[in-house]
Amino acid sequence: MNIPFNKPYLTGKEGHYIYQAVLSGKISGDGVFTKKCHAFFEKTFGFKKTLLTTSCTDALEMAALLINIEPGDEVILPSYTFVSTANAFVLRGARLVFVDSGRDNPNMDVSKVEACITPKTKAIVPVHYAGIAVDMDPLLELASKHNLFIIEDAAQAIDSYYKGRPLGSIGNMAAFSFHETKNIMAGEGGMLAINDDRFTHRAEIIREKGTNRSAFFRGEVDKYGWVDLGSSFLPSDIIAAFLYAQLENLKDIQERRRILWDRYYKALSPLASQGKLTLPYIPTFATNNAHMFYLVCRSLDERNGLIALLKEKGIYAVFHYISLHTSPYYKDKHDGRELPNADHFTDCLLRLPLFYELAEEQVDFITDTIHAYYAGK
Ligand SMILES: *Cc1c(COP(=O)(O)O)cnc(C)c1O
């Protein structure tokens, strides 16, 4: 048996919609399918305004521009995250202040955030790891007390909730990813969700190379020109056409992923009860969008052994982030605080295959292999 880590799922209509987009004669950005996607997201999740981008990385870069990050500004974010969360702000000259993960969850430990705030702090960037919500209420309180922006990195968090509120609808802005490794995907793709009206107008301009082209096409201005900073952040309508086919199947995709996730969880629970490994912890304020199934080993060696055994059986399980405070690029710029929980997840977290077309028998084969590995340990 050969079980890849991920297999992008095609719902069936992607090619058809791409063909329609091509035939429409307008295949650059903001065509018919882009508008359909925007409407879907705004209606389904209540985001005030959405703008498709070519990636989540781009959406984060737009957010950094929109909140006017300048050299010397400080941005608070978890160390255990993807580089794009950090890069977007470093590109504007920000200094990063990394927060450790919690003990029982890779998300940032919100109780450690206030101690990181200085007069230079401009934003907090929580990352909803594995689509499991960060505890947002304490962050919102800190943001209003210290006048900070909150930018949610919701790359993994589509269709997940915090106390009933969709992730991505809580911060001033949020960035989503439609990379082929995410639940809903378009190969490469992303979206900026804007929940704070102050940013809506300028976001359109920044996304269109610093021009007021969007307003021009709506007939609001009679000519368009260069009015602000910007870049080319909008995807072609072909990408949106692909994405729209996925969105039409959101419910089905999520249901299937949850079934597989629950099957993993049930099968591995006995090992967790015996203290041999740790399973994902979902706080009562959070939902599970089944973006990822991971387990946490007791040590790096134990994880390496498990990866090797799984690989021998044709199963591709992969570890995840290397904490950014230890990265070659940033370690000398980090303020030196130890972040032991982030280090622990760097060494011990292992992600198992999870994708729509994964079969129940394959999940059973994977969990049986994991049981066999721990039998003598
Ligand atoms: C996938 C991911 C990104 C980057 O998404 P792209 O669309 O590939 O730019 C950023 N942050 C997190 C937490 C991610 O998982």
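Residues numbered from 1 in each chain as written. Predicted model: local features only at pLDDT ≥ 70, side-chain atom pairs only at ≥ 80, totals over all residues. Heavy atoms only, no water.

1. Looking at the environment of F319
With respect to the helices, strands and loops of the structure, F319 is situated in the loop between α10 (300–312) and α11 (340–348). The class of F319 is partly exposed, set by a relative accessible area of 40%. Placed 249 residues apart in sequence, F319 and E70 show a C-alpha to C-alpha distance of 34 Å. Once you skip the residues sitting within four places of it in the chain, F319 turns out to touch R303, I307, L349, L350 and R351. (Helix = DSSP H or I, 4+ residues; strand = E, 2+ residues; numbered from the N terminus. Buried < 20%, exposed > 50% of the residue type's maximum accessible area, 1.4 Å probe, protein only. Contact = heavy atoms within 4.5 Å.)

2. Focus: the nonpolar core
One finds F41, F89, L295, L352 and I370 to be the most contacted residues of the largest nonpolar core, which totals 128 residues. If sequence neighbours within four positions are ignored, L352 has contacts with F5, Y264, L268, F293, L295, L310, A317, I366 and I370. (Core = buried A, V, L, I, M, F, W, Y, C linked by side-chain atoms within 4.5 Å.)

3. Overview of the pattern of salt bridges
Proximity of charged atoms lets side chains of opposite charge pair with each other. This model, assessed by the stated rule, comprises 20 salt bridges. A salt bridge links K7 to E357; the shortest N-O distance between them is 3.2 Å. Placement of K7 in the segment before α1 (14–23) and of E357 in the loop between β11 (349–352) and α12 (360–374) is noted, with a sequence separation of 350 residues between them. Given the relative accessible area of 37%, K7 is considered partly exposed. In this structure, the salt-bridge partner of K163 is D137, at a minimum N-O distance of 2.6 Å. (Salt bridge = Lys/Arg side-chain N within 4 Å of Asp/Glu carboxyl O.)

4. Observations regarding helix α2 (residues 32–45)
Taking 1.5 Å per residue as the helical rise, α2 with its 14 residues ought to reach 20 Å, and the 20 Å between its terminal C-alpha atoms agrees with that figure. Here α2 has its buried residues at F33, T34, C37, H38, F40, F41 and F45. The arc enclosing the buried residues of α2, seen along the axis, measures out at 160 degrees, which places them on a common side. The outward face of α2, more than 90 degrees from its buried face, is lined by the exposed residues V32, K35 and K43. Positive backbone phi, at 70 degrees, marks G46, one or two positions downstream of α2. (Expected span 1.5 Å × (residues − 1). Arc of directions from axis to C-beta.)

5. As for the side chain of N172
You can see N172 is positioned in the loop between β7 (165–166) and β8 (173–177). Judged by relative accessible area, which is 15%, N172 ranks as buried. A distance of 3.0 Å separates polar atoms of two side chains, one belonging to N172 and the other to D196. Those residues in contact with N172, other than ones at most four positions away along the chain, are L148, F149, I150, A193, I194, N195, D196, R198 and F199. (Polar contact = N/O pair within 3.5 Å; in protein donor to acceptor, adjacent residues only side chain to side chain.)

6. Here we look at the site of the ligand
In the neighbourhood of the ligand, 14 residues make up the surrounding shell, with T57, D153, Q156, S177 and K182 lying closest. Within the side chain of D153, a nitrogen or oxygen atom sits 2.9 Å from a nitrogen atom of the ligand. Within the side chain of K182, one N or O atom sits 3.2 Å away from an oxygen atom of the ligand. Coverage of the ligand by the protein amounts to 93% of the 380 Å² it exposes when considered alone. A molecule is said to occupy a pocket when more than half its atoms come within 2 Å of that pocket's grid points, and by this definition the ligand occupies the largest pocket. Tallied by class, the residues present in the shell around the ligand amount to five nonpolar, seven polar and two charged. (Near = heavy atom within 4 Å. Areas by Shrake-Rupley, 256 points an atom, 1.4 Å probe, with all protein chains shown as cover. 1 Å grid on protein atoms, 1.4 Å probe; cavity = no way out; pocket = protein on both sides within 12 Å on 5 of 7 lines; lining within 4 Å. Sits in = over half its atoms within 2 Å of the grid points. Nonpolar A, V, L, I, M, F, W, Y, C, P; charged D, E, K, R; others polar.)

7. Structural notes on the layout of surface pockets
A water-sized probe, rolled over the atoms, reveals where empty space remains. Its boundaries defined by the atoms lining it, the largest pocket holds a volume of some 460 Å³. Lining the largest pocket are 28 residues, with Q156, H179, T181, K182 and Y321 positioned closest to its centre. Of all the secondary structure elements, the ones that give two or more residues to the lining of the largest pocket are α3 (56–66), α4 (83–90) and β11. The residue makeup of the lining of the largest pocket, split by class, is ten nonpolar, 13 polar and five charged. Counting residues domain by domain, the lining of the largest pocket receives three or more from each of domain 1 (14–247) and domain 2 (250–374). Here the second largest pocket is characterised by a volume of approximately 330 Å³. D30, K35, S214, F217 and R218 are, among the 16 residues lining the second largest pocket, the residues nearest its centre. Looking at the lining of the second largest pocket, the elements that each hand over two or more residues are α2, β1 (49–53), α6 (200–207) and α7 (213–217). Tallied by class, the residues present in the lining of the second largest pocket amount to two nonpolar, four polar and ten charged. (Points joined across faces, edges and corners; volume = space filled by probe spheres on them. Domains from an automatic or database assignment.)

8. Observations concerning the pairing of strand β9 (residues 190–194)
Counting buried positions along β9 gives five out of five residues, so the element sits mostly inside the fold. Taking every second residue as pointing to the same face, both faces of β9 are buried, with G190, L192 and I194 on one and M191 and A193 on the other. As defined by bridge partners, β1 adjoins β9 across five bridges and the pair is classed as antiparallel. Bridge pairing in β9 places T53 opposite G190. Relative to β9, β8 runs antiparallel, the two sharing five bridges. Among the inter-strand pairings, M173 is bridged to a residue of β9, identified as I194. (Pairing = 2+ DSSP bridges.)

9. A word on the domain arrangement of the chain
Taken domain by domain, the chain comprises domain 1 (14–247) and domain 2 (250–374). Listed by partner, the interface residues are 44 residues for domain 1 and 36 residues for domain 2. Summed over both partners, the interface of domain 1 with domain 2 buries about 3400 Å², with 57% contributed by carbon and sulfur atoms. On the domain 1 side of the contact with domain 2, Y80, F98 and N183 bury the most area, a combined 21% of that side's loss. Summed over the shared surface of domain 1 and domain 2, the result is 22 residue pairs in polar contact (both at pLDDT 80 or more). If you list the elements that add at least two residues to the side of domain 1 that touches domain 2, you get α2, α4, β3 (95–99), β6 (161–162) and α8 (237–247). Split into classes, the residues belonging to the side of domain 1 that touches domain 2 amount to 25 nonpolar, eleven polar and eight charged. (Buried area = accessible area lost by both parts, 1.4 Å probe.)

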